[in-house]
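# Tertiary structure, described
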Amino acid sequence: MLNRLLLFIMAACLGTLFLKMELPIPYLLGGIFAAVACKVAGSSVTWPKNWREVALLVAGYGIGRNFTADTWDKMTHQTFGVLEATLIAVAVAVVIAWWTARHTSANLISCVMGIMPGGLTQMMLMSEDDPRADANVVVVMQTLRLVGVIVAVPFLVIHGLGAQVIQGGVTVAATGGMHWLIMLPLSFLGAFLATKFNVPTPRLLGPILATAAGSYFLGSLQPVPDLLMMAAQVSIGLYMGVMLEPKKLSATRELMPYIFCGIVLMIGVSVVVAWSLSARYGFSLITAFLAMAPGGIAEMCLAGMSMGEDVSIILTYQLVRLLFLNICVPLGINLYFKNKITG
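Definitions and cut-offs
- Every residue gets a number counted from 1 within its own chain, in the order that chain's sequence is written.
- Local features in this predicted model are restricted to residues whose pLDDT is 70 or higher, and side-chain atom pairs enter the listing and the counts only when it is 80 or higher, whereas totals over whole chains, interfaces and linings include all residues.
- Calculation of side-chain values draws on the structure's entire complement of heavy atoms; hydrogens and water are dropped beforehand.
- Labels follow the DSSP assignment, with helices taken as runs of H or I lasting at least four residues and strands as runs of E lasting at least two, numbered in each case from the N terminus.
- Only protein chains enter the accessibility calculation, which uses a 1.4 Å probe; a residue is then buried when its area is under 20% of its type maximum, exposed when over 50%, and partly exposed in between.
- Contacts are residue-level and defined by heavy atoms, with any inter-residue pair within 4.5 Å sufficient.
- Only buried residues count toward a nonpolar core. Its members are Ala, Val, Leu, Ile, Met, Phe, Trp, Tyr and Cys residues joined through side-chain atoms within 4.5 Å.
- In this scheme Phe, Tyr and Trp rings, the latter by its six-membered ring, pair at centre separations within 6.5 Å, and the angle between planes marks the pair as stacked below 30 degrees, edge-to-face above 60, and tilted otherwise.
- A positively charged side chain is recorded as over a ring if its NZ (Lys) or CZ (Arg) lies within 6 Å of the ring centre. The angle to the ring normal must also be within 35 degrees.
- One speaks of a salt bridge when a side-chain nitrogen belonging to Lys or Arg is within 4 Å of a carboxyl oxygen belonging to Asp or Glu.
- The predictor attaches a confidence to each residue, called pLDDT, with possible values from 0 through 100.
- Under this definition, polar contacts are N or O atom pairs within 3.5 Å; protein pairs additionally need one hydrogen-donor-capable and one acceptor-capable atom, and for neighbouring residues in sequence, both atoms have to be side-chain atoms.
- A helix is expected to reach a length of 1.5 Å times the quantity of its residues less one.
- Each patch is built from residues that are more than 30% exposed by relative accessible area and take part in no salt bridge. Like charges join if they lie within 9 Å; nonpolar side chains (Val, Leu, Ile, Met, Phe, Trp, Tyr) join within 5 Å.
- The protein chains shown are the only cover counted for residues, whose accessible areas, like all others here, come from Shrake-Rupley with a 1.4 Å probe.
- As a rule, the C-alpha atoms of each element are fitted with a line to give its axis, helices using only the stretch in contact, and angles between N-to-C directions run from 0 to 180 degrees.
- Throughout, the term roughly parallel applies to angles under 35 degrees, roughly antiparallel to angles over 145, roughly perpendicular to angles from 65 to 115, and oblique to all others.
- Should the near helix be turned counterclockwise from the far one by less than a right angle, the crossing is left-handed, whereas a clockwise turn marks it as right-handed.
- Under the grouping applied here, Gly and all other residues not named as nonpolar or charged are polar, the nonpolar ones being Ala, Val, Leu, Ile, Met, Phe, Trp, Tyr, Cys and Pro and the charged ones Asp, Glu, Lys and Arg.

## Brief notes about the overall build of the protein chain
- Of regular secondary structure, the protein chain possesses 16 helices and 0 strands.
- Looking at the protein chain residue by residue over its 343 residues, the buried ones come to 55%.
- When contacts within the protein chain are restricted to residue pairs at least 6 apart in sequence, long-range pairs at least 24 apart make up 78% of them.

Here you go:
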């Protein structure tokens, strides 16, 4: 317990340093880097999954409260853009997977599962259940993709697109609206229902959807206190960092150039599509880029919150893509590889 407390304090200190450096999602990055640093140094560190899931309830509420009636109106007028962004992201991922499988010893099904943006949890579970897939390859590719995007996207947004981090916390002042403690019934009810209906990543999507519905029908909801959101980001980051195993990385080192080239290609395509979406629908290029970026829904929305961007737009695009990846892509993989032998 003491080791975990020290790890948390170390991550929080790193997060504060990153905040001073004006990096978005500073405390999530602090958690990732703290855990990775300990592992590289040879320390045996762990972070309980249930702590991460409690943190997801907080993050889910923080993200979902940005969904309003105005957001729904925007979404109905941008249906083509949302679908276009989703299909382009999936198509690019398939091309990268094919190229990686062609030039490495990893088979195609493992590469497809490993590179799909936003599908970390679902793809890892699928790889464990499918004997044709190499779970080690999928875990390494998905983790490096997500961590690489989370590190690269903030750098590009700050230094390439001119965004600025809002100093003073990851949320805005709590003025007006229903008290943030409504998070408790909304988040737990959302997580419970999402689990019952087998929704992917229920501890995150459940609270997001329940809070979004609450915001739509009940009116504005107050954000959680900065300290609580900071602790949630640190916990999520620590769990992600703990997932990176040095032994697994060395065992799949031949994949590294293709993974990082794939990340660069994904981000490059995201910039082009973001520019098109921004010009077409009128929101900022930074909002469009975070909406299109191949990271996780929580990470990109938290980055948008820290920079004062339109989180409702980011949430809409990332959520549609996440649902598509977790519902349609697994069906597509099973149909395509049904009678194929992958070597």
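That covers the picture; the talk isn't over yet.
## Notes on the nonpolar core
- Val153 and Leu290 are the most contacted members of the largest nonpolar core, which totals 94 residues.
- It is helix 8 (residues 135–159) that contributes the most residues to this core, 12 residues altogether.
- Grouped together as the second largest cluster of nonpolar side chains are 15 residues, Leu7, Ala11, Ala12 and Trp47 included.

## Considerations on the packing of aromatic side chains
- Tallying each qualifying case throughout the model produces 7 aromatic pairs.
- Ring centres 6.4 Å apart and planes at 15° place the aromatic pair Phe8 and Trp47 in the stacked group. You can see Phe8 sitting in helix 1 (residues 2–20) and its partner Trp47 sitting in the loop between helix 2 (26–40) and helix 3 (49–64), a full 39 residues away along the chain.
- The class for Trp47 is buried, based on a relative accessible area of 7%.
- Ring centres 5.0 Å apart and planes at 85° place the aromatic pair Trp47 and Trp51 in the edge-to-face group.
- The partly exposed category is assigned to Trp51, whose relative accessible area is 30%.
- An aromatic cluster of three or more residues is present, and its members are Phe8, Trp47 and Trp51.
- Arg4 extends its terminal NZ or CZ atom over the ring of Trp51, reaching a point 5.6 Å from the ring centre.

## Remarks on the environment of Val320
- Relative to the elements of secondary structure, Val320 occurs in helix 16 (residues 311–336).
- Sequence-wise, Val320 and Ala85 are 235 residues apart; in three dimensions their C-alpha atoms are separated by 9.6 Å.
- Residues contacting Val320, with those up to four places away along its chain left out, are Met75, Val82 and Thr86.

## Considering the pattern of salt bridges
- For the structure shown, the criterion picks out 2 salt bridges.
- Arg203 is paired through a salt bridge with Glu53; the nearest N and O atoms lie 3.4 Å apart. With Arg203 in helix 10 (residues 202–218) and Glu53 in helix 3, this pair connects stretches of sequence that are 150 residues apart.
- Note that Glu84 and Arg280 form a salt bridge whose closest N and O atoms lie 2.9 Å from each other. Of this pair, Glu84 sits in helix 5 (residues 79–103) while Arg280 sits in helix 13 (residues 256–281), and the two are 196 residues apart along the sequence.
- A relative accessible area of 22% means that Glu84 is categorised as partly exposed.

## Things to note about the confidence of the model for the protein chain
- Looking at the protein chain as a whole, its pLDDT mean stands at 80, while 86% of the residues score no less than 70.
- In the model, residues 168–174 has pLDDT below 50 throughout and makes 15 contacts with residues more than four positions away in sequence or in other chains.

## Remarks on the environment of Gln142
- As for its position among the elements, Gln142 is in helix 8.
- Residue classification places Gln142 among the buried residues on the basis of a relative accessible area of 0%.
- The spacing of Gln142 and Met113 is 29 residues in sequence and 8.0 Å in space, taken between C-alpha atoms.
- Separated by 2.7 Å, the side chain of Gln142 and the backbone oxygen of Met113 make a polar contact.

## Description of helix 5
- Helix length check: helix 5, at 25 residues, gives a terminal C-alpha distance of 37 Å against a target of 36 Å (1.5 Å per residue), a fit within 8%.
- Among the residues of helix 5, those classed as buried are Gly81, Val82, Ala85, Thr86, Ala89, Val90, Val92, Ala93, Ile96, Ala97, Thr100 and Ala101.

## Here we look at the environment of Val95
- For Val95, the position within the fold is in helix 5.
- Note: C-alpha distance between Val95 and Ile115 (20 residues apart in sequence) is 9.9 Å.

## Examining a nonpolar patch on the surface
- Judged by side-chain polarity, Trp72, Met178, Tyr216, Phe217 and Leu218 come together as a nonpolar surface patch covering roughly 550 Å² of accessible area.
- Considering each element in turn, the nonpolar patch owes the most residues, 3 residues, to helix 10.
- As for its placement among the helices and strands, Met178 is situated in the loop between helix 8 and helix 9 (183–196).

## Re the packing of helix 9 against helix 10
- As a packed pair, helix 9 and helix 10 sit with axes 7 Å apart at the nearest point and diverge in direction by 120°. The orientation of helix 9 relative to helix 10 falls into the category oblique. Judged by the sense of rotation from one axis to the other, the crossing of helix 9 with helix 10 is right-handed. Contacts between helix 9 and helix 10 involve Leu186, Ser187, Gly190, Ala191, Ala194 and Thr195 from the former and Pro202, Arg203, Gly206, Pro207, Ala210 and Thr211 from the latter.
- The residue makeup of the contact of helix 9 with helix 10, split by class, is 6 nonpolar, 5 polar and 1 charged.

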